[in-house]
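Summary of structural features
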Amino acid sequence: MPANRTTTPTRRLAALASTFLASAAILATAPAAQAQELSSVNVSRAPTSEAISIRGKDVIVVRHEVRQAAGRVCRNAFLNHELEAFYIDWCSTASADKAMTRYRAIVKQNRLAGGEFAQLSTRIVLSAR
């Protein structure tokens, strides 16, 4: 036997009124949420690439700067939720290795050209990708 047959019209009216009041309360709060300014929401991402100038620097200084920059870009990738925590060391090692390979290629081109980095690239770009 269904339970609805024993419901009185007063109970139905009370249930309808409470549903109406609940709907009105939900609708009353919706415009307040929409009125929020976008300037109060700060969406920023940490940079996951960085350029290092190599002009006039010794290989030891370049290596040190590359390692620091590689650590920064990989930590930033983690902070941006682009990288898992256990990949940070792998990422920084891989980024530093790639940058130092690029550095060696620039130095080799410079030796072949016999110049002072004037005509060649003097920046190494590290990336967490």
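Treat the numbers as computed from the prediction; the structure is a model and nothing was measured.

Any two aromatic rings considered together are summarised by their centre-to-centre distance and by the angle between their planes. Taken as a whole and judged by the stated rule, the model has 2 aromatic pairs. Look at Phe86 and Tyr87: their rings are 4.7 Å apart centre to centre, the planes differ by 50 degrees, and that puts the pair in the tilted class. Relative to Trp90, the ring of Tyr87 lies with its centre 6.2 Å away and its plane at 70 degrees, an arrangement referred to as edge-to-face. These aromatic residues form a ring-pair network of at least three members: Phe86, Tyr87 and Trp90.

The next thing to look at is a nonpolar patch on the surface. A cluster of nonpolar side chains, namely Phe86, Tyr87 and Trp90, defines an oily patch on the protein surface of about 420 Å² accessible area. In this fold, Phe86 is placed in the loop between α2 (59-79) and α3 (88-113). On the accessibility criterion, Phe86 (62% relative accessible area) is exposed.

The terminal C-alpha atoms of α2, which comprises 21 residues, lie 30 Å apart, in line with the 30 Å expected from a rise of 1.5 Å per residue. Taken together, the buried positions of α2 are Val62, Val66, Ala69, Ala70, Gly71, Val73, Cys74, Asn76 and Ala77. Directly beyond the C-terminal end of α2, a positive phi value near 65 degrees is found at His81.

Generally speaking, a soluble globular protein has its nonpolar side chains buried in company with each other. Among the nonpolar cores identified, the biggest contains 14 residues, and Ile54, Val62, Val66, Tyr103, Ile124 and Leu126 are the most heavily contacted of them. Those elements that provide at least two residues to this core are α2, α3 and β2 (123-127). Considering every element that reaches this core, the biggest residue donor is α3, with 6 residues. Look past the residues within four positions of Ile124 in its chain and what remains in contact with it is Glu50, Ala51, Ile52, Ile54, Val62, Ala99 and Tyr103.

Now for the state of the cysteines. Under the defined criterion, the tally for this structure stands at 1 disulfide. Residue Cys74 pairs covalently with Cys91 via a disulfide, S to S 2.1 Å. Between Cys74 and Cys91, the disulfide has an S-S torsion of -75 degrees and is therefore left-handed. Of this pair, Cys74 sits in helix α2 while Cys91 is found in helix α3, placing the two residues 17 residues apart along the sequence. On the basis of relative accessible area, Cys74 is assigned to the buried category, the value being 0%.

The subject of this paragraph is the pattern of salt bridges. Evaluation of the coordinates by the stated rule reveals 3 salt bridges. Residue Glu82 is joined to Arg45 by a salt bridge in which the shortest nitrogen-to-oxygen separation is 1.9 Å. Here Glu82, found in the loop between α2 and α3, pairs with Arg45, found in the loop between α1 (9-34) and β1 (49-53); they are 37 residues apart in sequence, far enough to count as distant. Its relative accessible area of 56% is what places Arg45 among the exposed residues. Across the pair Glu65 and Lys57 runs a salt bridge, and its minimum N-O distance is 2.7 Å. What makes Lys57 partly exposed here is its relative accessible area of 28%.

Quick notes on the rules
- Residues numbered from 1 in each chain as written.
- Predicted model: local features only at pLDDT ≥ 70, side-chain atom pairs only at ≥ 80, totals over all residues.
- Heavy atoms only, no water.
- Phe/Tyr/Trp six-rings, centres within 6.5 Å; stacked < 30°, edge-to-face > 60°.
- Patch = residues over 30% accessible without salt bridge, like charges linked within 9 Å, V, L, I, M, F, W, Y side chains within 5 Å.
- Areas by Shrake-Rupley, 256 points an atom, 1.4 Å probe, with all protein chains shown as cover.
- Salt bridge = Lys/Arg side-chain N within 4 Å of Asp/Glu carboxyl O.
- Helix = DSSP H or I, 4+ residues; strand = E, 2+ residues; numbered from the N terminus.
- Buried < 20%, exposed > 50% of the residue type's maximum accessible area, 1.4 Å probe, protein only.
- Expected span 1.5 Å × (residues − 1).
- Core = buried A, V, L, I, M, F, W, Y, C linked by side-chain atoms within 4.5 Å.
- Contact = heavy atoms within 4.5 Å.
- Disulfide = S-S within 2.5 Å.

Function cannot be inferred from these measures alone, as they are strictly geometric.
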